[in-house]
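Each chain, letter by letter, is given below.
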Amino acid sequence: MTQTGRDSHRGRRGRRGEQLMVPRVEFESYYGRPVIKAPSWAARDIAGYFFLGGLAGAGSVLAAGAQLTGRTTTATAMKVSSLAAVSLSAAALVHDLGVPSRFPNMLRVLKPTSPMSVGSWLLAGYGPAAGAAALSAVTGRLPRAGAAATSAAALLGPAVASYTAVLAADTAVPAWHGAHRELPYVFAASATAAAAGMGLVLGPVTESAPARCAALLAAAAEVTATEAAEKRLGMVAETYRQGRAGTLLRAARLLTAAGAAGGLLLGRSRPAAVASGLALLAGSACTRFGIFAAGVASAEDPKYTVVPQRADDQPDEG
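Thresholds applied
Here the residue index of a chain counts from 1 through its sequence in written order. Restriction of local features to residues with pLDDT of at least 70 applies here, the model being predicted, together with a cutoff of 80 or more for giving and counting side-chain atom pairs; totals for whole chains, interfaces and linings are based on all residues. Water and hydrogen atoms play no part in the side-chain values, which are based on all heavy atoms of the structure. A run of DSSP states H or I qualifies as a helix once it reaches four residues; a run of E qualifies as a strand once it reaches two. Both are numbered from the N-terminal end. Any two residues whose heavy atoms approach within 4.5 Å are treated as being in contact. Only the protein chains shown count as cover for residues, with accessible areas throughout obtained via the Shrake-Rupley method and a probe of 1.4 Å. Salt bridges are identified by distance alone: a Lys or Arg side-chain nitrogen within 4 Å of an Asp or Glu carboxyl oxygen. Exposure is judged per residue with a 1.4 Å probe applied to protein chains only, and the accessible area is read against the type maximum: over 50% gives exposed, under 20% gives buried, and values in between give partly exposed. A score from 0 to 100, pLDDT tells how confident the predictor is in each residue. For helices, the axis comes from a line fit to the C-alpha atoms of the stretch in contact; other axes are also lines fit to C-alpha atoms, and the angle between any two N-to-C directions lies between 0 and 180 degrees. Throughout, the term roughly parallel applies to angles under 35 degrees, roughly antiparallel to angles over 145, roughly perpendicular to angles from 65 to 115, and oblique to all others. Handedness of a helix crossing follows the sense of rotation of the near helix relative to the far helix, less than a right angle counterclockwise being left-handed and clockwise being right-handed. Note on residue classes: Ala, Val, Leu, Ile, Met, Phe, Trp, Tyr, Cys and Pro are nonpolar, Asp, Glu, Lys and Arg are charged, and everything else, Gly too, is polar. Each residue after the first adds 1.5 Å to the expected span of a helix. Each pair of aromatic rings taken from Phe, Tyr and Trp, with Trp reduced to its six-membered ring, is defined by centres within 6.5 Å and is described as stacked if the planes are under 30 degrees apart, edge-to-face if over 60, and tilted in the remaining cases. Buried Ala, Val, Leu, Ile, Met, Phe, Trp, Tyr and Cys residues form a nonpolar core when they are joined through side-chain atoms within 4.5 Å. Buriedness for pockets is judged along seven lines, at least five of which must meet protein on both sides within 12 Å for an open set on the 1 Å grid over protein atoms alone, while cavities are sets there where a 1.4 Å probe fits but cannot get out, and lining residues have an atom within 4 Å of a point. Grid points are joined across faces, edges and corners, and a volume is the space filled by probe spheres set on the points. Residues enter a patch when their relative accessible area is above 30% and they make no salt bridge; the linking distance is 9 Å between like charges and 5 Å between nonpolar side chains (Val, Leu, Ile, Met, Phe, Trp, Tyr).

Peer 1: I'd like a description of the overall build of the chain, backed by residues and values.
Peer 2: Helix and strand content of the chain: 13 helices and 0 strands. Along the chain direction, N to C, the helices and strands of the chain fall in the order α-α-α-α-α-α-α-α-α-α-α-α-α. Excluding contacts between residues fewer than 6 apart, the proportion of contacts in the chain whose partners are at least 24 apart in sequence is 76%. When the accessible surface of the chain is split by element, carbon and sulfur atoms take 62% of a total near 16,600 Å².

Peer 1: If you had to explain the pattern of salt bridges to someone new, which residues and values would you point to?
Peer 2: Evaluation of the coordinates by the stated rule reveals 3 salt bridges. Between Lys-303 and Glu-238 there is a salt bridge, with its nearest N and O atoms 3.9 Å apart. Remark: Glu-238 occurs in helix H10 (residues 238-241) and Lys-303 occurs in helix H13 (residues 303-313); sequence separation between them is 65 residues. The class of Glu-238 is partly exposed, set by a relative accessible area of 25%.

Peer 1: Summarise the confidence of the model for the chain; cite the residues concerned and give the values.
Peer 2: Of all residues in the chain, 80% have pLDDT values of 70 or greater, and the mean over the chain is 84. Confidence, expressed as mean pLDDT per element, reaches its minimum in the chain at helix H1 (residues 3-13) with 47 and its maximum at helix H8 (residues 183-202) with 96. A low-confidence stretch, residues 1-17 (pLDDT under 50), is modelled with 10 contacts involving residues beyond four sequence positions or located in other chains.

Peer 1: An account of the packing of helix H2 (residues 43-68) against helix H3 (residues 72-97) is needed here, citing residue identities and associated values.
Peer 2: Contact geometry for H2 and H3: axes closest at 7 Å, N-to-C directions at 160 degrees. Between H2 and H3, the angle falls in the class roughly antiparallel. Judged by the sense of rotation from one axis to the other, the crossing of H2 with H3 is left-handed. Here the contact of H2 with H3 is composed, by residue class, of 14 nonpolar, 9 polar and 4 charged.

Peer 1: Which residues make up H2, and what values do they have?
Peer 2: The first and last C-alpha atoms of H2 sit 37 Å apart over 26 residues, in line with the 38 Å expected at 1.5 Å per residue. Along H2, 19 of the 26 residues are buried, which leaves the element largely enclosed by surrounding structure. Phi turns positive, to about 80 degrees, at Gly-70, one or two residues after H2.

Peer 1: Kindly report on the packing of aromatic side chains, identifying the contributing residues and their values.
Peer 2: Inspection of the entire model under this criterion finds 3 aromatic pairs. Both rings, one in Tyr-49 and one in Phe-50, keep their centres 6.0 Å apart while their planes meet at 40 degrees; by these two values the pair is tilted. Phe-50 shares its class with Tyr-49; the two are buried. Grouping aromatic residues by their ring pairs yields a cluster made of Tyr-49, Phe-50 and Phe-187.

Peer 1: Explain the nonpolar core residue by residue, including any values.
Peer 2: Tyr-49, Trp-176, Tyr-240 and Ile-291 are the most contacted members of the largest nonpolar core, which totals 56 residues. Among the elements that take part in this core, H2 stands out by supplying 10 residues, more than any other. Once residues lying within four places of it in the same chain are set aside, the contact partners of Tyr-49 are Ser-89, Ala-92, Leu-93, Leu-123, Tyr-163, Thr-164 and Leu-167.

Peer 1: Give a detailed account of empty space enclosed by the protein, specifying residues and quantitative values.
Peer 2: This structure, assessed with the given rule, holds 1 cavity of 30 Å³ or more. The computed volume of the largest cavity comes to approximately 50 Å³. Along the walls of the largest cavity sit Ser-60, Ala-63, Lys-79, Ser-82, Ala-130, Ala-133, Thr-150 and Ala-153, which together make up its complete lining. Across the lining of the largest cavity, the residue classes tally to 4 nonpolar, 3 polar and 1 charged.

Peer 1: Go over the environment of Leu-216, please, and point to the residues and values.
Peer 2: Tracing the backbone through its elements, the reader meets Leu-216 in helix H9 (residues 209-233). In this structure the C-alpha to C-alpha distance between Leu-216 and Gly-263, which are 47 residues apart in sequence, comes to 8.3 Å.

Peer 1: Quick one: what's the story with the packing of helix H11 (residues 243-266) against helix H12 (residues 270-300), residue by residue and with numbers?
Peer 2: Packing of H11 against H12 brings their axes to within 7 Å, and their N-to-C directions diverge by 155 degrees. Considering the angle they form, H11 stands roughly antiparallel to H12. Judged by the twist between their axes, the crossing of H11 over H12 is left-handed. Looking at the contact of H11 with H12, its residues break down into 18 nonpolar, 9 polar and 1 charged.

Peer 1: Residues and numbers for the side chain of Thr-150, please.
Peer 2: Relative to the helices and strands, Thr-150 resides in helix H6 (residues 143-169). A residue is classified by how much of its surface remains accessible, and Thr-150, at 6% relative accessible area, is buried. Apart from residues lying up to four places away in sequence, Thr-150 is in contact with Ala-64, Lys-79 and Ala-133.

Peer 1: Just give me the short version of helix H5 (residues 115-139), but keep the residues and values in it.
Peer 2: With 25 residues, H5 extends 36 Å from end C-alpha to end C-alpha; this agrees with the ideal 36 Å at 1.5 Å per step. A positive backbone phi angle near 80 degrees is found at Gly-140, which sits one or two residues after H5.

Peer 1: Any details on a nonpolar patch on the surface? Residues and values, ideally.
Peer 2: Taken together, the side chains of Leu-216, Leu-264, Leu-265 and Leu-266 define a hydrophobic patch exposed on the protein surface, amounting to about 400 Å² of accessible area. If one sorts the elements of the nonpolar patch by residue count, H11 sits on top with 3 residues. Within the secondary structure, Leu-266 is located in helix H11.

Dropping the structure here:
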């Protein structure tokens, strides 16, 4: 064997004589086309559905707390707000489905392994409870039934606020599926911020202390959960920082932080409370629309599907 042949043979076998020294394969896709199909959902309908459902669910929790602590004006306002939000949320979902009859068809069977099935049943149970609670609060009739409905809506509220994150993460979309552990916490915190904002807008300042505290806690929790999600996503987290999604999520952080700080420091002023509440609502909406946009971007670019999988399959060197 020649010297060149011996060197080539040694290079292929490696230092231990066990592994072939093969260059890493660069990423390519078939004509640059996406590997998975991007979500066909309309952003206005589904991201709006995410936002409004979160506002409704978290709002029912705040309404029940306000009722228990004697803040009746805020309680009534939040009950009406939750009813309006869940009604608009259901309308957005039905509009995206295209055929209204598809929603009742999903209630023909309950599949615990299907987030869509569980979510449909959650909405079917939560909607009437939120409606009965609001109707009783506005009319003053049937207070015991109204109290029971308020409690039922508050119990179902956290699931209504966060199950849409499970629904999104159950898809193959890299920016959603890769953050399946953290995304429900992001949605729950964002929903709480929105509900706190609505409480600041609609409730009297004399009853706003719980909403101001909830806004502060929600803002901190949302930042923590989002950072944890981006850390887990690795390179896919680029979709949360770039393009339309990056713009929306940066706006969300600024609006939520400004709303929480304004509510805490200036919330006893009615104009400041309203401004802070609107900032919190806008921030929550930007979070949902931003995460939706990140998901679409990650599905449209094939590298976010293939590169992380190849990294997981790459054997350790050494």
